[in-house]
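Inside the fold
Listed below are the residues making up each chain.
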Amino acid sequence: MFIDSHCHLNFPEFQKDFDSVLKLMTDNQVSHALCISVNLRDFPEVLAIAEKNSNIFASVGIHPDYENENPFTVEELVTLADHPKIIAIGETGLDYFRLTGDLEWQRQRFRKHIQSAIESNRPLVIHTRSSAEDTLKIMREEQASKVGGVMHCFTESMDVALQAIDLGFYISFSGIVTFKNAIQLKEVAKQVPINRILIETDSPYLAPVPFRGKTNQPAYVRHVAQALADLRGISLEEVANNTTKNFFELFKLAVPCK
Ligand code: NI
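The structure presented is a predicted model; accordingly, all values stated were derived computationally and were not measured. (Residues numbered from 1 in each chain as written. Predicted model: local features only at pLDDT ≥ 70, side-chain atom pairs only at ≥ 80, totals over all residues. Heavy atoms only, no water.)

Another point: empty space enclosed by the protein. Over the atoms, a rolling probe the size of a water molecule traces out where space has been left empty. In this structure the tally under the stated criterion is one cavity of 30 Å³ or more. In this model, the largest cavity occupies a volume close to 30 Å³. In terms of lining, the largest cavity is formed by Ile194, Ile197, Leu228, Arg232, Val239, Asn242 and Thr243. Those elements that place two or more of their residues in the lining of the largest cavity are α8 (221-232) and α9 (236-250). At three residues, α9 tops the list of elements feeding residues into the lining of the largest cavity. (1 Å grid on protein atoms, 1.4 Å probe; cavity = no way out; pocket = protein on both sides within 12 Å on 5 of 7 lines; lining within 4 Å. Points joined across faces, edges and corners; volume = space filled by probe spheres on them. Helix = DSSP H or I, 4+ residues; strand = E, 2+ residues; numbered from the N terminus.)

This is the structure in structure tokens:
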């Protein structure tokens, strides 16, 4: 069984034929998926998907690329997280690639997410782009290691991976690891300890080879697992078993369904 640890099932790409998305998951032994919140406006849709489907979990949080969102308090986020299907806080983090200028608001928002995660005792889903140094610095300052989490859609160096692992975090690989030009990332994917790896699609984006450029979906996480197996010279089953075990070790509130 495979688990897609990061997807956006509430996005418009999936609304036309949601049943076929679920069916293709089943057909590909993708047993569970974690549907990730990117803002609070759409959070009710994210939660509704998780409530309706026993094999889909959800997170709550505001993505760093969403600049003009209503202010929120730690208490509000903690209250929203207080639900059996909400197993993580995020996605949160820093993005100095998409946005520029004074991004102090992004760092403040990231700190609030870490505080909320600690208060609600849920791990963090962290996005970092062109900002690894500040991301790790804030993780340390706010004691993110108290709850741990995942560095999602990882594209950083092995050094960054090891620093995150030191803080109790897992490293999640996406379809990027199947791309021919992702040479440095493939090296990282060979070296990260197997007990620290998760797999994800980040769908509808970043479809793995052979679907590159098309709409991604949770079923395709299998191709990410296959790429990891090939790179590491181990069986697909070994990747499946380890990443599934890692998922439930990290997301302790996730109750697996049969
Ligand atoms: Ni995402």
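His6 (NE2), His8 (NE2), Glu91 (OE) and Asp202 (OD) make up the full set of protein donors to the nickel ion, lying at 2.2 to 2.5 Å. Expressed as a motif, the donor residue spacing for the nickel ion is H-x1-H-x82-E-x110-D. In this pair, histidine 8 is assigned in the loop between β1 (2-7) and α1 (18-27) and aspartate 202 in the loop between β8 (197-199) and α8, connecting sequence segments 194 residues apart. By relative accessible area, histidine 8 is classed as buried at 2%. (Donors = N, O, S within 2.8 Å, 3.2 Å for Na, K, Ca; no water. Buried < 20%, exposed > 50% of the residue type's maximum accessible area, 1.4 Å probe, protein only.)

By volume, the largest pocket amounts to about 420 Å³. His63, Arg98, His127, Arg129 and Asp202 are, among the 19 residues lining the largest pocket, the residues nearest its centre. Residue assignment for the lining of the largest pocket shows that the elements contributing at least two residues are β4 (86-95) and β5 (124-129). Here the lining of the largest pocket gets three residues from one element, more than from any other, and that element is β5. Considered class by class, the residues forming the lining of the largest pocket number seven nonpolar, six polar and six charged. (Nonpolar A, V, L, I, M, F, W, Y, C, P; charged D, E, K, R; others polar.)

Okay, the pattern of salt bridges next. Under the counting rule described, the total for this entry stands at nine salt bridges. Here arginine 41 ties to glutamate 69 by a salt bridge, and the two come within 2.6 Å at their closest N and O atoms. Here the residue arginine 41 occupies a position in the loop between β2 (30-35) and α2 (43-52), and glutamate 69 occupies one in the loop between β3 (56-60) and α3 (74-81), the gap between them amounting to 28 residues. A relative accessible area of 17% means that glutamate 69 is categorised as buried. Each of Arg111, Lys137, Glu141 and Glu142 takes part in a single network of salt bridges with overlapping partners. (Salt bridge = Lys/Arg side-chain N within 4 Å of Asp/Glu carboxyl O.)

In this structure, Leu9, Leu124, Met139, Phe169, Ile171, Phe173 and Val192 are the most contacted members of the largest nonpolar core, which totals 67 residues. A per-element tally of this core places α8 first, with six residues. The residues touching phenylalanine 169, leaving out its near neighbours within four places in the chain, are Leu124, Ile126, Met139, Ala144, Gly148, Gly149, Val150, Met151, Ala164 and Arg196. In terms of nonpolar packing, the next biggest core, distinct from the first, is built from 14 residues, Phe57, Val150, Leu198 and Phe247 among them. (Core = buried A, V, L, I, M, F, W, Y, C linked by side-chain atoms within 4.5 Å. Contact = heavy atoms within 4.5 Å.)

What is shown is where atoms sit, not what they do.
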